[in-house]
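Chain by chain, the residues:
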Amino acid sequence: MKTKKAANTSTGEDSNIIIAKILFVLYLLTGFMPLLGAMDYDAPEWLYVSVLNIISLIFIYKNKDEFKAFVFPKHVKQYFLLFVGFFAVGCLSMITAINVSESLVHLARLIAIIIALYCLYVFVKQNPVSFFEFTCRIATLIIIYFSWRSIRYFLGNSSSPRTFEFVVAFPHNFSNANIYTAFLIVQLPFVLYAFLYFKKIWKYIAGVAIFAAVLALFFSGSRTAVLSLIIVLVSLIGFIIYGIVKHTINLKKEVIILALIPIVTTLLVLNVNRVDKMSMNSFSNVFQPKTIDFYSGEIAVARNTNNVKELVPSLANINTDKGSDSGRFSLWNLAFTNFKENPILGVGYGNYKAVAKKEHYVNLINSKGNFKNPRRAHSDFLEKLAETGIVGFLLYLSLFVFPLLLFFKLIRKEKDFSKQLLFFTIFLAALAYTFDALLNFPLERAPIQLYFLLAVVFILTFTQQETTNEESGGSKRSVILFGVLFFMSFASIASNYLVLRSYQLQRTMREDLSCLLYTSPSPRD
């Protein structure tokens, strides 16, 4: 006989729902994972997600009847099948892989993504609205914390000129600033919703978080993230204006504040960390900072206007920026070339970094003469096209198109504007991720990837409320399914642990080599 679950007296929530929310928060806190002595943050982050998947699966299986863990509407089954299909093509692409072990590493991460999607779906479907509002609150607090890191660094060193070296030294707790800013932008829509619809203290906290996030994005100088920010804000303000005109909603004050925040933050960023103390920075200084040597050359010209002709030869060697595309066009062209050479199976999942890049090296202009092997195509879409061929690419693309079609269905059927804005918020989070995937590689970054999964889960669960075609698997099939999930999760843990150990060893070796280079006696000695 089943016993009735104890409920929390203050919130009325089932104790299992509270535990589910705790596990849910732990997924959102992946970005707090420390480096653990590794070369890159991705190794400990993916290991963390894999371990959390196991814990979540055990909890879900223990409460499978209450959570209806094996009950899936038709559209949810279809989406999971698309993901499994993409995984299957990724496995098949190993036939053409140069480095099979690299494929296995990335496939293990893809397994972690699929299982995390399942766990998040089971949690959220218990009460989608409650979990959505919960996400808005957690995202607000996370954004305040990470935005403060940027604000403290740039305002705390306000007198330091905005040179390339100064910007790169920003301690953001991610592998690079682009990942940091993408992590902020995918959460921002949830915070914007909190500012628009939450009451009292949470509304004010969300307002502060939005100001801090926009300021942090401009300080960081990531062009992709700022462009994504513009798209998100313009889209949201446009949608709210539509609501004001069509539905007479009362959000005029909020719209004015949202329109003013980018203006105020831009003026602040242009007047902090001035390169020229007598005038504010230009947008070029913010988004394409130059090295100290470059600015030293400019100062030399200004101080020696009578000797410009003598300075010209040395000015020709001043280090400038490497172009606004950061070599992306060359990498994209290389990815498409790889696809044309292997249109069916691609070059192997995770093997873009292993293919020959002669064309890229020939076209690359590197003023310092440093040799760098690009490991990514700086576009998840083109990279998956090159790695998995046309079938894998179409399956990967469907992971974005399928929830987009469900979103259009939701927004068309819903007549209440507040619900429409909730759906639109989810869409903006997915849009911010998609835009970053066009220009970067968020698929490899667990903290960013999880917010895309979350956006998809919300769309799936809200669509589920509009349908009644839930289908339940048999008990035997359910046990088999969970057995497969557990086995794959442990395999993912093993792979991600080995990657972490490898990254730690690589870092140790690099540090030892650096010490050796600095301490070795010169040939003259």
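Report follows, based on the coordinates. (Residues numbered from 1 in each chain as written. Predicted model: local features only at pLDDT ≥ 70, side-chain atom pairs only at ≥ 80, totals over all residues. Heavy atoms only, no water.)

1. Some details on unusual backbone geometry
Despite not being glycine, L36 shows a phi value in the positive range, around 55°. Tracing the chain through its elements places L36 in the loop between α1 (15-28) and α2 (42-62). Exposure remark for L36: the relative accessible area of 42% places this residue in the partly exposed category. With phi around 75°, N173 is a residue other than glycine that occupies positive phi space. (Helix = DSSP H or I, 4+ residues; strand = E, 2+ residues; numbered from the N terminus. Buried < 20%, exposed > 50% of the residue type's maximum accessible area, 1.4 Å probe, protein only.)

2. Focus: the packing of helix α6 (residues 128-156) against helix α9 (residues 200-220)
Contact geometry of α6 with α9 gives a least axis separation of 8 Å together with a crossing angle of 45°. Relative to α9, the element α6 is oriented oblique. Our pair here, α6 against α9, has a crossing hand that is left-handed. Across from R137, T140, L141, I143, I144, S147, S150, I151, F154 and L155 in α6, the residues of α9 making contact are W202, I205, A206, A209, A212, A213, L215, A216, F219 and S220. Residues of the contact of α6 with α9, tallied by class, amount to 15 nonpolar, 4 polar and 1 charged. (Axes fitted to C-alpha atoms, helices over the stretch in contact; angles between N-to-C directions. Parallel < 35°, antiparallel > 145°, perpendicular 65-115°, else oblique. Left-handed = near helix turned anticlockwise from the far one by under 90°. Contact = heavy atoms within 4.5 Å. Nonpolar A, V, L, I, M, F, W, Y, C, P; charged D, E, K, R; others polar.)

3. Notes on the environment of T463
Considering the arrangement of structural elements, one finds T463 in helix α19 (residues 446-465). Accessibility expressed as a relative area gives 3% for T463, which makes it buried. For the pair T463 and F407, spaced 56 residues apart in the sequence, the C-alpha separation amounts to 8.1 Å. Once residues within four sequence positions are removed from consideration, T463 is found in contact with H75, L406 and L410. Separated by 2.7 Å, the side chain of T463 and the backbone oxygen of I459 make a polar contact. (Polar contact = N/O pair within 3.5 Å; in protein donor to acceptor, adjacent residues only side chain to side chain.)

4. A look at the packing of helix α8 (residues 177-197) against helix α11 (residues 252-270)
Running from N to C, α8 and α11 point in directions that differ by 140°, and their axes come no closer than 10 Å. As the angle between them shows, α8 and α11 are arranged oblique. Residues L192, F195 and L196 of α8 form the contact with α11, whose own contacting residues are E254, I257 and L258. Looking at the contact of α8 with α11 residue by residue, the classes come out as 5 nonpolar, no polar and 1 charged.

5. Overview of helix α17 (residues 380-413)
The end-to-end C-alpha separation of α17 is 32 Å, well short of the 50 Å expected for 34 residues at 1.5 Å each. Along α17, the sharpest change in direction is near 135° and occurs at G389. (Expected span 1.5 Å × (residues − 1). Bend = angle between axes of the 7 residues up to and from the residue.)

6. A word on the layout of surface pockets
Volume-wise, the second largest pocket comes out at about 690 Å³. What lines the second largest pocket is a set of 20 residues, and nearest its centre among them are F72, F80, V84, L481 and L485. Of all elements in the fold, only α4 (74-92), α5 (100-124) and α20 (475-519) reach the threshold of two or more residues within the lining of the second largest pocket. The greatest single-element share of the lining of the second largest pocket, amounting to 7 residues, is contributed by α20. For the lining of the second largest pocket, the residue count by class is 15 nonpolar, 3 polar and 2 charged. (1 Å grid on protein atoms, 1.4 Å probe; cavity = no way out; pocket = protein on both sides within 12 Å on 5 of 7 lines; lining within 4 Å. Points joined across faces, edges and corners; volume = space filled by probe spheres on them.)

7. Some remarks on helix α10 (residues 223-247)
Taking 1.5 Å of rise per residue, 25 residues should cover 36 Å, and α10 covers 35 Å from first to last C-alpha, within 8% of that figure. The positive-phi residue at the C-terminal boundary of α10 is T248, with phi of around 50°.

8. Here we look at empty space enclosed by the protein
Vacant regions in the atomic arrangement are exposed by a probe of water-molecule size rolled over the atoms. The tally for this structure, following the rule as stated, stands at 4 cavities of 30 Å³ or more. Its volume calculated, the largest cavity comes out at about 70 Å³. With 4 residues, α5 is the largest single contributor of residues to the lining of the largest cavity. Among the residues forming the lining of the largest cavity, the class breakdown is 5 nonpolar, 1 polar and 3 charged.

9. Details of the packing of aromatic side chains
Summed over the entire model, instances satisfying the criterion amount to 57 aromatic pairs. Centroid distance F423 to F462: 5.4 Å. Interplanar angle 65°. Geometry classified as edge-to-face. One end of the pair, F423, is in helix α18 (residues 417-439); the other, F462, is in helix α19, with 39 residues separating them in the sequence. Here F423 and F462 have matching classes, each one buried. The ring of F131 has K21 sitting right over it, with the charged end atom 5.6 Å from the ring centre. The ring of F134 is capped by K21, whose NZ or CZ atom sits 5.1 Å from the centre of that ring. (Phe/Tyr/Trp six-rings, centres within 6.5 Å; stacked < 30°, edge-to-face > 60°. Lys NZ or Arg CZ within 6 Å of the ring centre and 35° of its normal.)

10. Side note on the pattern of salt bridges
Applying the stated criterion to the full structure yields 7 salt bridges. The salt bridge partner of R109 is D42, with a shortest N-O separation of 3.1 Å. Of this pair, R109 sits in helix α5 while D42 sits in helix α2, and the two are 67 residues apart along the sequence. D42 carries the same exposure label as R109, and that label is buried. For the salt bridge of E387 with K384, the shortest nitrogen-to-oxygen distance reads 2.8 Å. Of the two residues, E387 and K384 both sit in helix α17, 3 residues apart, roughly one turn of that helix. Overall, the relative accessible area of 1% leaves E387 in the buried class. Residues participating in the shared-partner salt-bridge network are E383, K384 and E387. (Salt bridge = Lys/Arg side-chain N within 4 Å of Asp/Glu carboxyl O.)

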